[in-house]
Amino acid sequence: MTQPTHTHRESGGKYAELQQYQGTGPLEGQWLVAYEDLILSIQSVTTQEDWLENWREIAPDDCTVCMGTGTDHIKGNAKMPCGHCYGLGKVMDNGARPTEMWDVAGIAALIIERQQAELYQLRKLADNDTVQAIIEQQRQQVVNDSTARNEQAWRDGQGHGPGGQRYTGD
Ligand SMILES: [Zn+2]
C-alpha cells in the first residue's frame with residue numbers, strides 16, 4: 001500500500017502526493033498537484049496553492065491513526081479522543097505509540113515546548129513597533145468605516161425630509 005505523505009489540516013485523513021506539474025491550456029502558469037486519497041482510493045488534482053494551504057506533510061511523530069487530529073476517526077466520533085495517541089495527535093519520536101503514563105507525559109511536554117517556542121516568536125513579532133502601527137492603522141480604519149456606514153444608513157433611512165429621505169441640510 002502507498003504510504004501517506006500528507007494529511008488534511010482540518011479533516012485529517014491519509015493522502016499521498018503523487019506528482020507536481022505545470023498546467024497547460026487555461027491552467028497555463030499554474031502549478032498543479034496530483035494526489036491520492038488513500039482511504040477512498042480516489043486520485044484528484046488541485047492547485048499547488050490549495051494543496052499547501054489545506055494539506056500538511058505528515059511528521060514522523062504524527063499519530064498514524066488519527067493523523068495528528070487527536071480525535072477518534074475510527075468510530076467516527078470527533079468528540080472522542082483517539083485511542084492510539086490518547087488524543088495528543090502525536091506519538092513518540094520513533095513513531096511508537098505511548099504505552100505508559102510517562103510516555104504520554106513526555107509527548108505532551110514536547111508539544112507544549114514547541115507551542116511555547118512558537119508563541120514566543122509570535123509575541124516578539126506582535127511587539128514590533130511596525131506591526132503595532134499597522135494594527136492601530138487597521139483598527140482606526142475599521143472605526144472610520146463603520147462610522148461612515150452608520151451615517152450613510154442614517155441618511156438613507158426613512159425621514160421626514162423631501163423624498164422621504166432625512167433632511168440633513170447639506
Ligand atoms: Zn491519534
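Residues numbered from 1 in each chain as written. Predicted model: local features only at pLDDT ≥ 70, side-chain atom pairs only at ≥ 80, totals over all residues.

Chemist: I would appreciate a short explanation of the overall build of the protein chain in the present structure.
Modeler: A count of helices and strands for the protein chain gives 3 helices and 7 strands. Secondary structure elements of the protein chain occur, N-terminal to C-terminal, as β-β-β-β-α-β-β-β-α-α. Split into buried and exposed, the 170 residues of the protein chain put 14% on the buried side. In the protein chain, once contacts between residues fewer than 6 apart in sequence are set aside, the share between residues at least 24 apart is 29%. (Helix = DSSP H or I, 4+ residues; strand = E, 2+ residues; numbered from the N terminus. Buried ≥ 20, exposed ≤ 12 C-beta atoms within 10 Å, placed from the backbone. Contact = placed C-beta atoms within 7 Å.)

Chemist: Would you mind going over the pairing of strand β2 (residues 12–22) with me for this structure?
Modeler: Pairing between strand β1 (residues 6–8) and β2: 2 bridges, direction antiparallel. Bridged to His-8 within β2 is Gly-12. Where β1 folds back on β2, the antiparallel hairpin that results is connected by 3 residues. The pairing of β2 with strand β3 (residues 31–37) spans 7 bridges and is antiparallel. The residue bridging Ala-16 from the neighbouring strand is Glu-36, located in β3. (Pairing = 2+ DSSP bridges.)

Chemist: Looking at this structure, I do not really get the sheet that holds β1. What am I missing?
Modeler: The strands that make up a sheet are held in pairs by hydrogen bonds between backbone atoms, and each pair lies either parallel or antiparallel. Across the sheet, 5 strands lie side by side as β4-β3-β2-β1-β5; this open sheet has antiparallel pairing. Strands at the two margins of the open sheet, each flanked by one partner only, are β4 (42–47) and β5 (55–57). Averaged over all pairs of adjacent strands, the angle between strand axes in this sheet comes to 40°, irrespective of strand direction. (Axes fitted to C-alpha atoms, helices over the stretch in contact; angles between N-to-C directions.)

Chemist: Which parts of the structure should I look at to understand helix α3 (residues 129–156)?
Modeler: Along its 28 residues, α3 runs 40 Å from first to last C-alpha, staying within 8% of the 40 Å computed at 1.5 Å per residue. Judged by how many residues are buried, α3 sits mostly at the surface: 0 of 28 residues are covered. (Expected span 1.5 Å × (residues − 1).)

Chemist: Quick question: what am I supposed to make of unusual backbone geometry here?
Modeler: Negative phi is the rule for most residues except glycine; trans is the rule for most peptide bonds. One non-glycine residue, Ser-41, adopts positive backbone phi at about 55°. For Ser-41, the position within the fold is in the loop between β3 and β4. Note on Ser-41: 8 C-beta atoms within 10 Å, which makes it exposed. In this structure, Met-67 is a non-glycine residue whose phi angle is positive, near 55°.

Chemist: In this structure, what is going on with the environment of Cys-66? I would like to understand it.
Modeler: In this structure, Cys-66 sits in the loop between β5 and β6 (71–72). Using a count of 24 C-beta atoms within 10 Å as the deciding quantity, one classes Cys-66 as buried. Residues Cys-66 and Pro-81, spaced 15 residues apart in sequence, show a C-alpha to C-alpha distance of 9.2 Å.

Chemist: Before we go on, may I ask you to explain the pairing of β4 in this structure?
Modeler: Looking down a regular strand, the side chains alternate between one sheet face and the other. In terms of burial, β4 is largely open, as just 0 of its 6 residues are buried. Sheet analysis places β3 next to β4, joined by 6 bridges and oriented antiparallel. When the bridges of β4 are listed, Leu-32 appears paired with Thr-47. The loop that links β3 with its antiparallel partner β4 comprises 4 residues; one of these, Ser-41, has a positive phi angle of about 55°.

Chemist: Explanation requested: the nonpolar core in the structure shown.
Modeler: One broad rule of soluble globular proteins: the nonpolar side chains tend to lie buried together. Cys-63, Cys-66, Met-67, Cys-82, Cys-85, Leu-88, Val-91 and Ile-107 together form the largest nonpolar core, which totals 8 residues. Membership of the second largest hydrophobic core comes to 5 residues, among which are Tyr-15, Val-33, Tyr-35 and Trp-55. (Core = buried A, V, L, I, M, F, W, Y, C linked by C-beta atoms within 7 Å.)

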